[in-house]
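Listed below are the residues making up each chain.
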Amino acid sequence: MKIELKNISGKAVGSIDLDDSVFGAEVHEHLLWEAVKWQLAKRRAGTASTKRFGEVRGSTKKIYKQKGTGQARHGAKKAPVFVGGGSVFGPKPRDYEYMMPRKAKKAALRAALSLRASEQKIVVLDNFSTDGKTKSVATALAALGGSTKALIVDAKTNENLVRGARNLAASQWLAPEGLNVYDILRHDTLVLTKDAAQAVTEALKPKQKEASHA
């Protein structure tokens, strides 16, 4: 797949070949859904906690006799039907994280990149040089297509870009090794430098054995 290579002003300075096995793969929507669900599950704190009957402070003494009062039969004031009573099957602290196969994660990333490529929402730059100011990064993004919600991917050694993108309202910077399905899908445009595109390709390109089973 060949697309234009642009500079930070948005002008074409050549072209670049993107590997079809990474940027032109089949888009499996269910796999994208699985990857997003897995990522969001990892982020859940799992700290919600309620008190059960035995954990509520109070007496366990029967509040009145079983029969003859004309009222419903009750035991202690700690019962769930009373204000301040214990909860029934309420949440307790738990870990929501689970494992997703490594091959499935890579396939989902390839699907997300291929989706953005098919929508022509990938921009590749020769480099992303900036003075480290947020305004400069925002101006560059506007020149590259006007998207106010872009995901910028470049090496963390580009400290000026990292600093300049930190305070962007809707856009975000990520290192190539941190690229993930959720952030790709929640941004309108994917902006990669040439070096970042190469790093992503090397990380996600199917091995010969994987390709033969695909």
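Here's what I pulled together on the structure shown here. (Residues numbered from 1 in each chain as written. Predicted model: local features only at pLDDT ≥ 70, side-chain atom pairs only at ≥ 80, totals over all residues. Heavy atoms only, no water.)

**Description of the side chain of Thr193**
Following the sequence through the fold, Thr193 ends up in strand β6 (residues 189–193). Aside from chain neighbours lying at most four places away, what touches Thr193 is Val124, Leu125, Asn127, Phe128, Val153 and Asp154. (Helix = DSSP H or I, 4+ residues; strand = E, 2+ residues; numbered from the N terminus. Contact = heavy atoms within 4.5 Å.)

**A closer look at the pairing of strand β3 (residues 122–125)**
Walk down a regular strand and you will see the side chains alternate between the two sheet faces. Alternating positions in β3 separate into two faces, Ile122 and Val124 on one and Val123 and Leu125 on the other, with burial throughout. Here strand β1 (residues 2–6) runs beside β3; their pairing, made up of 2 bridges, is parallel. Bridged to Lys6 within β3 is Leu125. Direction of pairing for β3 relative to β6: parallel, over a ladder of 4 bridges. In the sheet register, Leu125 faces β6, and the bridge partner there is Thr193. (Buried < 20%, exposed > 50% of the residue type's maximum accessible area, 1.4 Å probe, protein only. Pairing = 2+ DSSP bridges.)

**Remarks on the layout of surface pockets**
In this model, the largest pocket occupies a volume close to 380 Å³. Taken together, 19 residues form the lining of the largest pocket, with Leu109, Glu177, Gly178, Leu179 and Asn180 sitting closest to its centre. Of all the secondary structure elements, the ones that give two or more residues to the lining of the largest pocket are α2 (29–43), α3 (102–118) and α7 (194–204). Of the residues forming the lining of the largest pocket, the biggest block, 5 residues, is contributed by α2. (1 Å grid on protein atoms, 1.4 Å probe; cavity = no way out; pocket = protein on both sides within 12 Å on 5 of 7 lines; lining within 4 Å. Points joined across faces, edges and corners; volume = space filled by probe spheres on them.)

**A closer look at the packing of aromatic side chains**
What describes a pair of aromatic rings is the distance from one ring centre to the other and the angle between the planes of the rings. By the definition in use, this model includes 0 aromatic pairs. It is Lys77 that lies over the ring of Phe82; its NZ or CZ is 4.5 Å from the centre. Against the face of Phe53 rests Lys78, its NZ or CZ located 5.4 Å from the ring centre. (Phe/Tyr/Trp six-rings, centres within 6.5 Å; stacked < 30°, edge-to-face > 60°. Lys NZ or Arg CZ within 6 Å of the ring centre and 35° of its normal.)

**Details of the packing of α3 against α7**
One way to put it is that α3 packs onto α7 with a least axis distance of 10 Å and a crossing angle of 140 degrees. Overall, the two elements α3 and α7 adopt an arrangement that is oblique. Note on packing geometry: the crossing formed by α3 with α7 is left-handed. For the pair α3 and α7, the contacting residues are Lys106, Leu109, Arg110 and Leu113 in the first and Val200, Ala203 and Leu204 in the second. (Axes fitted to C-alpha atoms, helices over the stretch in contact; angles between N-to-C directions. Parallel < 35°, antiparallel > 145°, perpendicular 65-115°, else oblique. Left-handed = near helix turned anticlockwise from the far one by under 90°.)

**Description of the side chain of His187**
Assignment of secondary structure puts His187 in the loop between α6 (181–186) and β6. At 2.7 Å, the side chain of His187 forms a polar contact with the backbone oxygen of Asp183. (Polar contact = N/O pair within 3.5 Å; in protein donor to acceptor, adjacent residues only side chain to side chain.)

**Digging into the environment of Leu32**
Structurally, the position occupied by Leu32 is in helix α2. Using a relative accessible area of 7% as the deciding quantity, one classes Leu32 as buried. In sequence terms Leu32 and Arg110 are 78 residues apart; their C-alpha atoms lie 9.7 Å from each other. The contacts of Leu32, once residues within four sequence positions are left out, are Val27, Ala108, Ala111, Ala112, Leu115, Val181 and Leu185.

**Considerations on helix α4 (residues 134–143)**
Side chains of residues three or four places apart in an α-helix project in the same direction, reflecting 3.6 residues per turn. When we look at burial in α4, the residues that qualify are Val137, Ala140 and Leu141. The buried residues of α4 occupy an angular sector of 100 degrees when the element is viewed end-on, so they sit on one face. Structurally, α4 contributes buried residues whose contacts are with β4 (150–153), α5 (159–165) and β6. Gly145, located one to two residues past α4, shows a positive phi value of around 150 degrees. (Arc of directions from axis to C-beta.)

Just distances and angles here, no functional claims.
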